[in-house]
Amino acid sequence: MPFTSRQVYLKSTPVGMPTDDDFEVREETIDDPSDGEVVVRNAYMSVDPYMRGQMRMNWKPGTALVGGAVGEVVASKNPDFPEGSHVNSNWGWREYYNSDGRGLAPVDASLAPLSTYLGIMGMPGLTAWGGLLITGEYKDGESVFVSAASGAVGSVVGQIAKIKGGTVVGSAGSDEKVAHLVNEFGFDHAFNYKTANPLDELQKGAPDGIDVYFENVGGEQLEAALTHMRPYGRIPICGMIAHYNDSDNPTPGPRNLTETIYKFVQLRGFVVSAFNGQQAEFRQEMGGWIRDGRIRYQETTFDGIDKASAAFRGLFTGVNEGKMLVKLA
Ligand code: NDP
């Protein structure tokens, strides 16, 4: 019996902040699997800031959106993925899909909640782990500043640095988030970047300077970090969300790059796929920290595919704490 599915299409290229009118939810029929195929019903889809760049550069109006998802195999003619098993894929932003199995990764729903494979045990967790420890060359005890610190990536960065004996300063966009960073995630200092002066706060939280600035935001916070870096400091550039909706009036780039010269500071961009080879090591280490209660995670969940566009916009207005998800089943 074929499956009725809904999926999200890009209707128009967003200009500035995306609106509901830029997206369209269409109903489609997903056929029963042929030999070698499966049908998957997505349980959760991931909502990620990088998709904004795809909408500007690669996805044209009329494109069916894709993104991370975890779901259950509901019909199978592929022995590798039996009915009732769970898989991770890049076939999100739809309720059901048909697949020949390529690009599907089995996940064990008994080890950890399904949703965590899109968050702390998945792409954002790997981004935090690899970006801090590999790209940022973090050494035990060093001081770290992380922006967008209450988000999926940032909250994990700060907690890893705490596990490794560091001093951690984080910034976020509300007093409530700031309180959570200190009280629940164990940050040494946190500030609301909308009301506080970032440089003053860095001086308070890390008086001797910062060894690693984990860059998620750009703009004024990057400038403050550059000024307050210690000699031989590293800035892994993970993202610059403050710039993603720039249109006519771009957010200014850092005006103080000269700070890098005499302090030998290194800025290095990275993409999470650089750590694909270290997935097993990451899962083992992160799984252990979660089991031992040394790392905590939060999720913000919208219900139903109709809410996908609201969830996506919420990334740019700070609606989420922790991983932004849409629950589909
Ligand atoms: P988050 O869960 O951190 O959600 C985004 C958060 O960014 C919001 O909650 C909001 O929190 C903050 N934010 C939004 N707009 C601004 C702004 N103008 N200035 C400051 N903060 C803002 O998302 P992720 O953890 O998934 O991603 C964090 C960063 O990492 C992003 O830049 C993303 O693009 C990047 N990334 C890069 C990857 C890579 O491979 N290089 C992989 C994954 C993510 P607040 O309330 O604090 O403002």
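In the block above lies the structure referred to throughout.
Rules used throughout
- For every chain, the first residue of its written sequence is number 1, and the numbers climb from 1 along that sequence.
- Local features in a predicted model are, by the rule used here, given only for residues with pLDDT of at least 70; side-chain atom pairs are given and counted only at 80 or more, and totals for whole chains, interfaces and linings are based on all residues.
- Excluded from the side-chain calculations are hydrogens and water; all other atoms, namely the structure's heavy atoms, are used.
- In summary, the pairing rule links any two rings of Phe, Tyr or Trp, Trp by its six-membered ring, whose centres are within 6.5 Å, and it sorts them by plane angle into stacked for under 30 degrees, edge-to-face for over 60 and tilted for everything else.
- Going along the chain from the N terminus, every DSSP run of H or I of four or more residues is numbered as a helix, and every run of E of two or more is numbered as a strand.
- A simple rule labels every residue: compare its accessible area, found with a 1.4 Å probe on the protein chains alone, to the largest value its type can have, and call it buried under 20%, exposed over 50%, or partly exposed in between.
- Charge over a ring is defined by NZ of Lys or CZ of Arg lying within 6 Å of the ring centre and within 35 degrees of the ring normal.
- Salt bridges are counted wherever a side-chain nitrogen of Lys or Arg sits within 4 Å of a carboxyl oxygen of Asp or Glu.
- A cutoff of 4 Å decides nearness: a residue is near a molecule or strand if any of its heavy atoms lies inside that distance of it.
- Pairing of N or O atoms within 3.5 Å defines a polar contact, subject to two protein rules: one partner must be a possible hydrogen donor and the other a possible acceptor, and residues neighboring in sequence count only if both atoms are side-chain atoms.
- Gly falls in the polar group here, along with every residue not listed as nonpolar (Ala, Val, Leu, Ile, Met, Phe, Trp, Tyr, Cys, Pro) or charged (Asp, Glu, Lys, Arg).
- Put simply, buried Ala, Val, Leu, Ile, Met, Phe, Trp, Tyr and Cys residues joined by side-chain atoms within 4.5 Å make one nonpolar core.
- Here, residues are in contact when the closest pair of their heavy atoms is within 4.5 Å.
- A 1.4 Å probe that fits but cannot get out identifies a cavity on a 1 Å grid over protein atoms alone, an open set with protein on both sides within 12 Å along at least five of seven lines counts as a pocket, and a residue lines either if it has an atom within 4 Å of a point.
- Grid points are joined across faces, edges and corners, and a volume is the space filled by probe spheres set on the points.
- For two strands to pair, DSSP has to find at least two bridges joining them.
- To obtain an axis, a line is fitted to C-alpha atoms, over the contacting stretch when the element is a helix, and the angle between two such axes runs from 0 to 180 degrees between their N-to-C directions.
- Here roughly perpendicular refers to angles of 65 to 115 degrees, roughly parallel to angles under 35, roughly antiparallel to angles over 145, and oblique to all remaining angles.

Engineer: How should the packing of aromatic side chains be read in this particular structure?
Structural biologist: Aromatic ring pairs are described here by two measures, namely the spacing of the ring centres and the angle between the planes. Following the criterion strictly, the structure yields eleven aromatic pairs and no others. Ring geometry for Phe145 and Tyr213: centres 4.8 Å apart, planes at 15 degrees, overall stacked. Taken together, the residues span a long stretch of sequence, with Phe145 in strand β8 (residues 143–146) and Tyr213 in strand β11 (residues 210–214) at a distance of 68 residues. By the burial criterion, Phe145 is buried, and Tyr213 matches it. Plain terms: the ring middles of Phe312 and Phe316 are 5.4 Å apart, the flat faces sit at 85 degrees to each other, and that makes the pair edge-to-face. Of this pair, Phe312 and Phe316 both sit in helix α9 (residues 308–317), four residues apart, which is roughly one turn of that helix. For the pair formed by Phe312 and Phe316, the shared burial category is buried. Over the aromatic face of Tyr9 sits the side chain of Arg26, whose NZ or CZ is 3.7 Å from the ring centroid.

Engineer: Explain the pattern of salt bridges here, please?
Structural biologist: A side chain of one charge can pair with a side chain of the opposite charge when the charged atoms of the two come close. Going through the model one piece at a time under the given rule, you end up with 15 salt bridges. Across the pair Asp306 and Arg6 runs a salt bridge whose closest N-O atoms are separated by 3.3 Å. Taken together, the positions of Asp306 in the loop between β14 (299–303) and α9 and Arg6 in strand β1 (residues 3–10) put the pair 300 residues apart, joining distant regions of the chain. Residue classification places Asp306 among the exposed residues on the basis of a relative accessible area of 54%. The salt bridge involving Arg230 is made with Asp211; its shortest N-O contact spans 2.9 Å. Of this pair, Arg230 sits in strand β12 (residues 229–237) while Asp211 sits in strand β11, and the two are 19 residues apart along the sequence. Relative accessible area serves as the criterion here: at 32%, Arg230 is assigned to the partly exposed category. Through salt bridges that share partners, Arg6, Glu95 and Asp306 make up one connected network.

Engineer: What am I meant to see in the site of the ligand here?
Structural biologist: The environment of the ligand is formed by 27 residues, the closest being Lys177, Tyr193, Tyr244, Val272 and Asn320. The separation between an oxygen atom of the ligand and a polar main-chain atom of Val272 is 2.7 Å. Contacts to the ligand include Asn320, whose side-chain N or O atom sits 2.5 Å from an oxygen atom. Contributions of two or more residues to the shell around the ligand are made by α2 (123–135) and α9. For the shell around the ligand, a count of residues per class yields 18 nonpolar, eight polar and one charged.

Engineer: How should I be thinking about the nonpolar core in this particular structure?
Structural biologist: Within soluble globular proteins, side chains that are nonpolar generally end up buried alongside one another. By size, the foremost hydrophobic cluster in this structure holds 42 residues, and its most contacted members are Leu132, Val157, Ile160, Met286 and Ile295. Going through the elements one at a time, β3 (38–46), α2, β8, α3 (154–163), β9 (167–172), α4 (175–183), β11 and α8 (279–291) are the ones with two or more residues in this core. When neighbours within four sequence positions are excluded, Ile295 is seen to be in contact with Ile120, Val156, Gln159, Ile160, Ile163, Met286, Trp289 and Ile290. In this structure, Met55, Trp59, Leu65 and Val326 belong to the second largest nonpolar core, which totals 20 residues.

Engineer: Can you help me understand empty space enclosed by the protein in this one?
Structural biologist: The rolling of a water-molecule-sized probe over the atoms marks out the regions of remaining empty space. Under the counting rule described, the total for this entry stands at one cavity of 30 Å³ or more. If you add up the space inside the largest cavity, you get close to 60 Å³. Along the walls of the largest cavity sit Gly119, Ile120, Pro124, Ala152, Ser155, Val156, Tyr297, Gln298, Glu299 and Lys323, which together make up its complete lining. For the lining of the largest cavity, the class distribution of residues is five nonpolar, three polar and two charged.

Engineer: Honestly, the sheet that holds β9 in this entry has me stumped. Any pointers?
Structural biologist: Consider a sheet: its strands pair through backbone hydrogen bonds, and that pairing is either parallel or antiparallel. Pairing is parallel in the open sheet, where six strands are placed in the order β10-β9-β8-β11-β12-β13. The sheet is open, and its two edges are formed by β10 (189–192) and β13 (266–269), each paired on a single side. Shown here is a sheet whose adjacent strand axes are inclined to one another by a mean of 15 degrees, direction ignored. Direction of pairing for β11 relative to β12: parallel, over a ladder of two bridges. In the strand pairing of β12, Ile210 is matched with Met229. Running at roughly 165 degrees to β10, helix α5 (residues 198–205) makes contact with β8, β9, β10 and β11 of the sheet. Contacting β8, β9, β10, β11 and β12, helix α6 (residues 220–228) crosses the sheet at an angle of about 150 degrees to β12.

Engineer: Is there a simple way to explain the packing of α2 against α8 in this structure?
Structural biologist: Two numbers describe a pair of packed helices, the interaxial angle and the distance between the axes. Their axes nearest at 10 Å, the elements α2 and α8 cross at an angle of 100 degrees. Here α8 runs roughly perpendicular to α2, going by the angle between their axes. Residues Gly125, Leu126 and Trp129 of α2 form the contact with α8, whose own contacting residues are Gln279, Glu281, Phe282, Glu285, Met286 and Trp289. The residue inventory of the contact of α2 with α8, partitioned by class, reads five nonpolar, two polar and two charged.

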